[in-house]
Each structure stands twice: as C-alpha cells, then as structure tokens.
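The primary structure of each chain is shown beneath.
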Amino acid sequence: MNIAATYDEWASSYDEDHNKTRDLDGLAMKELLSSSHFSHTLELGCGTGKNTLLLASLSERVTALDFSAAMIERARQKVTSDNVSFIEADITRTWPLENGQFDFVVTNLVLEHISNLEPIFVEAHRVLVPGGNLLISELHPFRQYLGSQANFKRSTPDSEEGAVKVDAFTHNISEFLDRARDAGFSLLSLQEWWHEEDAGRPPRLLTLMLEKM
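Residues numbered from 1 in each chain as written. Predicted model: local features only at pLDDT ≥ 70, side-chain atom pairs only at ≥ 80, totals over all residues. Heavy atoms only, no water.

## Section: the packing of aromatic side chains
Here is step 1 of the chain: Under the criterion given, the structure shown has 3 aromatic pairs.
Here is step 2 of the chain: Both rings, one in Phe38 and one in Phe104, keep their centres 4.0 Å apart while their planes meet at 5°; by these two values the pair is stacked. Within this pair, whereas Phe38 is found in strand 1 (residues 38-44), its partner Phe104 is found in strand 4 (residues 102-108), the two being separated by 66 residues in sequence. The residues Phe38 and Phe104 share a single accessibility class, namely buried.
Here is step 3 of the chain: Summarising the aromatic geometry, the rings of Phe142 and Tyr145 are spaced 5.9 Å apart at their centres and angled 35° between planes, so their arrangement reads as tilted. Of this pair, Phe142 and Tyr145 both sit in helix 6 (residues 141-145), 3 residues apart, roughly one helical turn. (Phe/Tyr/Trp six-rings, centres within 6.5 Å; stacked < 30°, edge-to-face > 60°. Helix = DSSP H or I, 4+ residues; strand = E, 2+ residues; numbered from the N terminus. Buried < 20%, exposed > 50% of the residue type's maximum accessible area, 1.4 Å probe, protein only.)

## Topic: the sheet that holds strand 1
Here is step 1 of the chain: Spatially, 3-2-1-4-5-9-8 is the arrangement adopted by the 7 strands of the open sheet, whose pairing is mixed. Strands at the two margins of the open sheet, each flanked by one partner only, are strand 3 (84-88) and strand 8 (185-193). Strand-to-strand, the axes of this sheet are offset by a mean angle of 15°, without reference to chain direction.
Here is step 2 of the chain: Here strand 8 pairs with strand 9 (residues 205-212) via 8 bridges, running antiparallel. Pairing of Phe185 across the sheet is with Lys212, part of strand 9.
Here is step 3 of the chain: The sheet strands contacting helix 4 (residues 69-78) are strand 2 (59-66) and strand 3, and the helix crosses strand 3 at an angle near 170°.
Here is step 4 of the chain: Helix-sheet contacts for helix 5 (residues 118-127) involve strand 1, strand 4, strand 5 (128-139), strand 8 and strand 9, and the interaxial angle to strand 5 is about 145°. (Pairing = 2+ DSSP bridges. Axes fitted to C-alpha atoms, helices over the stretch in contact; angles between N-to-C directions. Contact = heavy atoms within 4.5 Å.)

## Thoughts on the environment of Asp198
Here is step 1 of the chain: Position of Asp198 relative to the elements: it lies in the loop between strand 8 and strand 9.
Here is step 2 of the chain: Residue Asp198 is classed as buried on the basis of its relative accessible area of 1%.
Here is step 3 of the chain: Each residue touching Asp198, except ones within four places of it in the same chain, is listed here: Arg143 and Arg204.
Here is step 4 of the chain: Among the polar contacts listed, one links the side chain of Asp198 to the side chain of Arg143, at a separation of 3.1 Å. (Polar contact = N/O pair within 3.5 Å; in protein donor to acceptor, adjacent residues only side chain to side chain.)

## Quick word on the pattern of salt bridges
Here is step 1 of the chain: Following the criterion strictly, the structure yields 10 salt bridges and no others.
Here is step 2 of the chain: Note that Asp90 is salt-bridged to Arg93, the shortest N-O span being 3.7 Å.
Here is step 3 of the chain: Close ionic contact of Arg126 with Glu123 constitutes a salt bridge, the shortest N to O distance being 2.8 Å. Here Glu123 and Arg126 lie together in helix 5, a separation of 3 residues that amounts to about one turn. (Salt bridge = Lys/Arg side-chain N within 4 Å of Asp/Glu carboxyl O.)

## Quick word on the pairing of strand 2
Regular strands show a simple pattern: their side chains alternate between the two faces of the sheet.
Here is step 1 of the chain: Burial analysis of strand 2 places 6 of its 8 residues in the buried class, which makes it a mostly covered element.
Here is step 2 of the chain: As defined by bridge partners, strand 1 adjoins strand 2 across 6 bridges and the pair is classed as parallel. Along strand 2, the bridge assignment pairs His40 with Arg61.
Here is step 3 of the chain: As for the winding sense of the linkage, the β-α-β connection from strand 1 through helix 3 (residues 52-58) to strand 2 is right-handed.
Here is step 4 of the chain: Of the pairings in the sheet, the one linking strand 2 to strand 3 comprises 5 bridges and is parallel in character. Bridging across to strand 3, Val62 finds its partner in Val84.
Here is step 5 of the chain: As for the winding sense of the linkage, the β-α-β connection from strand 2 through helix 4 to strand 3 is right-handed. (Right-handed = clockwise from strand over helix to strand, strands pointing away.)

## What to know about the packing of helix 5 against helix 7 (residues 173-183)
Here is step 1 of the chain: Between helix 5 and helix 7, the least distance of the axes is 9 Å, while the angle of their chain directions is 40°. Considering the angle they form, helix 5 stands oblique to helix 7. The chirality of how helix 5 crosses helix 7 is right-handed. On helix 7, the residues touching Glu118, Phe121, Val122 and His125 of helix 5 are Phe176, Arg179, Ala180 and Ala183.
Here is step 2 of the chain: Within the contact of helix 5 with helix 7, the residues separate by chemical class into 5 nonpolar, 1 polar and 2 charged. (Parallel < 35°, antiparallel > 145°, perpendicular 65-115°, else oblique. Left-handed = near helix turned anticlockwise from the far one by under 90°. Nonpolar A, V, L, I, M, F, W, Y, C, P; charged D, E, K, R; others polar.)

## A look at helix 7
Here is step 1 of the chain: Every buried residue of helix 7 is listed here: Ile173, Phe176, Ala180 and Ala183. The buried residues of helix 7 all sit within an arc of 105° when viewed along its axis, so they share a single face.
Here is step 2 of the chain: On its buried side, helix 7 packs onto helix 5, strand 5, helix 6, strand 8 and strand 9.
Here is step 3 of the chain: One or two steps after helix 7, the chain reaches Gly184, where phi turns positive at roughly 105°. (Arc of directions from axis to C-beta.)

Structure (structure tokens):
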C-alpha cells in the first residue's frame, strides 16, 4: 500500500488514536508559535487539521496541503475558518504555488515519509519571502534508530487486523541541516522534545527553525 493510501485508511481514526508523538507535536507547536503572527502560512501535510486551527489563529491566511484526500476531508470538517484554504497536492512534486507567496512554512511529521529531502527544501525556499521562516517538526532520528515508525491499528471489521506501518525513511540531523544549507536556509534554532512519559529514553521529536537567506 502506498503512503497516500495508507493515510487515507488512517484518516477516520487518526484524531482518536492514542498517539504520544502526535500529541507532543501539538504541544511543541503551541510553545514555539504562541506569540507569533504571520501574514500567509503554508502548512505542508496538514493531515486532519490537527495543527491547522492553531495556525489559523496566528495567521492572516493559511494554505494547507496534503496528498491524502481522506485526510483533507477530515480537516475541512474540523477547520471552517474563512482564512484557511486546502489543496490536495503531492509535495514531492513542484508545488502549485507562486514564488515568494508565504512568510512562514511549516511541516509536521511528514518528512519521515519522503525519501529525498532536497526538493522539499528547494520548493520551500522558492515560495518563501526573503527572511521567511521554515519550521520542521519530525520524529527524532534517534527514535527511528530504535525502530520507531508511524503506525496505526485497523478498526474496521472487514479489514485485516493488526498494526499498519507507514513507509518511512530515516533522515539524520546532519542531513536536515545539509539540505537546508544547500537550499539557502540558515539555522535559527534546533530543539529536542520529550513526552512526559519518555523519561530515560531518547528525545521523541526534533524541531528546526530555519530562515531563508
């Protein structure tokens, strides 16, 4: 099953599933962005809109992209703000967006599902205004080294039972930084995040705040 189809299947239960990584990501976004204000935000991989509501409250406009039709449908049901528009698009291809259109681009728990990061950073740089910011929040590679991977359990009675793993690729911290530098970004901050139940374990999330040079 390809990644888009897997997320289509996961869409109906994504918000209700027990998911410490998803929940920590939401808390990290609130801590990082609560005092921010943006003119036009681009959200890459909006999913069911778990962070879109927050971004809508901080932005004059939000454009939210995802390649899963089912995820976007859930997001549209949840997020009815007039300043949010949704686009179904594959971010591994050229984005259907104009140059210099955004002052903030954010992606959450998406890049682990993309094998080649270079086009993502190149496109983010293209659509940002000079001095605009790119925020990345990802499952920490240290967790991936130990076998952590996005997954969910099928809940429909006519489906095969068991955990469904979403195809994932491990990107080292150095790879994120190298691809960002190559595309024309400078690093503003790098932070690591633990869930309250993660005591004694490697960090669960990695966040990078970058600036278009």
